[in-house]
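# Structure assessment
One letter stands for each residue in the lines below.
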Amino acid sequence: MSTMMVAGNWKMNASTATTADLIDSLVAGAGQLSANVEMVVFPPLPYLAQAQQLLQHANIALGAQNVSDKAQGAYTGEVSAAMLKDFGVRYVLVGHSERRSLYGENDTLVAAKFQAVQAAGMVPVLCIGETLAQREQGATLSVVNGQVQAVIDALGVDALAAAVLAYEPVWAIGTGLTASPEQAQAVHQAIRAHVAAQNAVVAEGMQILYGGSVSGATAPELFAQADIDGGLVGGASLDAQSFLAIGQAAQS
Ligand code: PEP
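Report follows, based on the coordinates. Since this is a predicted model, take the numbers as computed values, not measurements. (Residues numbered from 1 in each chain as written. Predicted model: local features only at pLDDT ≥ 70, side-chain atom pairs only at ≥ 80, totals over all residues. Heavy atoms only, no water.)

### A few points about the packing of helix H7 (residues 140–155) against helix H8 (residues 181–196)
To keep it simple, the criterion reads: The axes are straight lines fitted to the C-alpha atoms, using for helices just the contacting stretch, and the angles between their N-to-C directions are given from 0 to 180°. What counts as a helix is a DSSP run of H or I of at least four residues, what counts as a strand is a run of E of at least two, and both are numbered from the N terminus. Roughly parallel here means an angle under 35 degrees, roughly antiparallel means over 145, roughly perpendicular means 65 to 115, and every remaining angle is called oblique. Here a crossing is called left-handed whenever its near helix is offset anticlockwise from the far helix by less than a right angle, and right-handed whenever the offset is clockwise. Here a residue-residue contact requires only that any non-hydrogen atoms of the pair lie within 4.5 Å. Think of it as three bins: nonpolar holds Ala, Val, Leu, Ile, Met, Phe, Trp, Tyr, Cys and Pro, charged holds Asp, Glu, Lys and Arg, and polar takes everything else, Gly as well.
Viewed as axis vectors pointing N to C, H7 and H8 meet at an angle of 40°, and their least axial separation amounts to 10 Å. With respect to each other, H7 and H8 are oriented oblique. The interaxial crossing formed by H7 with H8 has right-handed handedness. Contact residues: H7 offers Thr-140, Leu-141, Val-144, Asn-145, Val-148, Gln-149 and Ile-152, while H8 offers Val-187, Ala-190, Ile-191, His-194 and Val-195. Taken together, the residues that form the contact of H7 with H8 break down as eight nonpolar, four polar and no charged.

Structure (structure tokens):
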């Protein structure tokens, strides 16, 4: 029975009312899912305390969408890994394509955030993916493997043993376009092979999620692929029934 993760990135969408509604519905539904599925929600930072409270007795983990690479001090507006940990956060997204493209986060900063998350005892979810132009140029594998390699070069391949990877083709995020199961599997397999060349045991144990307009309709075929270990879900994670349907698709 392979362990599957279904992670919901709410992005900048929430209020106290929607957080309560969504989490209440998820808690009610997640209890029915089989033990091989780990559900995780990533609310915006101001709602972490509320989410932590609501998830207290639930089988759903808490994640954060962003973190500072700095430990503490004069960094106005930043939130440290230790603060996230203090609110019960277990997973933190690093390298999401929106952070890379809209906020200029490069591989060096992504690796520093990855390290900060692990140093605080949490698990980074390293997001990687190519743009449409890069895919059309045939550069998909060099881009995604390069993004993974940047973390390996900075922290060593063993750092991936306590991390989750999320392959998210940029052209499929929030666009309604999904990579076909075969396209996604080919990239996941190539990422695993790239890591295996450096440490086969780490590569074997690595969870690689797929993200990009995943829905209840597309999830079953995607999750049936050998190297796809779950999904990172944006839009569909804002609707409890849609997100739970994706969770059901991950059951073995
Ligand atoms: C994401 O933001 O990680 C994502 C995959 O979004 P969506 O599911 O909306 O494409």
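Read on for the rest.
### Structural notes on the nonpolar core
What tends to happen in soluble globular proteins is that the nonpolar side chains get buried as a cluster. Cut-off, in case you're wondering: The criterion is simple. A nonpolar core is a set of buried Ala, Val, Leu, Ile, Met, Phe, Trp, Tyr and Cys residues joined through side-chain atoms within 4.5 Å. Exposure classes here rest on a 1.4 Å probe applied to the protein chains alone. A residue is buried below 20% of its type maximum, exposed above 50%, and partly exposed in between.
Leu-160, Ile-191, Val-195, Tyr-210 and Phe-223 are the most contacted members of the largest nonpolar core, which has 65 residues in total. Per element, the largest residue contribution to this core is five residues, and it comes from helix H5 (residues 107–119). Setting aside residues up to four positions removed in sequence, Tyr-210 forms contacts with Tyr-167, Pro-169, Ala-172, Thr-178, Ala-179, Ala-184, His-188, Leu-222, Ile-228, Gly-230, Gly-231 and Leu-232. Judged by nonpolar contacts, the second largest core, of 13 residues, contains Val-40, Val-125, Val-164 and Ala-166.

### Quick look at the pattern of salt bridges
Heads up, the rule is: Take a side-chain nitrogen of Lys or Arg and a carboxyl oxygen of Asp or Glu: if they are within 4 Å of each other, that pair is a salt bridge.
Scanning the entire structure with this criterion turns up nine salt bridges. Close ionic contact of Arg-135 with Glu-130 constitutes a salt bridge, the shortest N to O distance being 2.8 Å. The exposure class assigned to Arg-135 is partly exposed, which follows from its relative accessible area of 22%. Counted as one network, the salt bridges with shared partners bring together Arg-99, Glu-105 and Lys-113.

### Here's the deal with H7
The criterion, for reference: By definition here, a helix of n residues has an expected span of 1.5 Å times n minus one.
With 16 residues, H7 ought to run about 22 Å at 1.5 Å a step, and its terminal C-alpha atoms sit 23 Å apart, in line with that. Buried within H7 are the following residues: Thr-140, Val-143, Val-144, Asn-145, Gln-147, Val-148, Gln-149, Ala-150, Val-151 and Ile-152. The elements touched by buried residues of H7 are helix H4 (97–102), H5, strand E5 (123–128), helix H6 (132–136), strand E6 (164–167) and H8. Looking one or two residues past H7, Gly-156 carries a phi angle of roughly 90°, positive in sign.

### What to know about the pairing of strand E8 (residues 230–233)
Working note: regular strand, side chains alternate between the two faces of the sheet. Cut-off, in case you're wondering: Here a strand pair is declared whenever DSSP counts at least two bridges between the two strands.
Residues of E8 alternate between two faces, with Gly-230 and Leu-232 on one and Gly-231 and Val-233 on the opposite face, all of them buried. Pairing of strand E1 (residues 4–9) with E8, which is carried by four bridges, proceeds in the parallel orientation. Along E8, the bridge assignment pairs Val-6 with Gly-231. In this sheet, E8 lies alongside strand E7 (residues 207–211) in parallel orientation, the contact comprising two bridges. Looking at E8, one finds that Tyr-210 is bridged to Gly-231.

Function-wise, these values are silent; they only describe arrangement.
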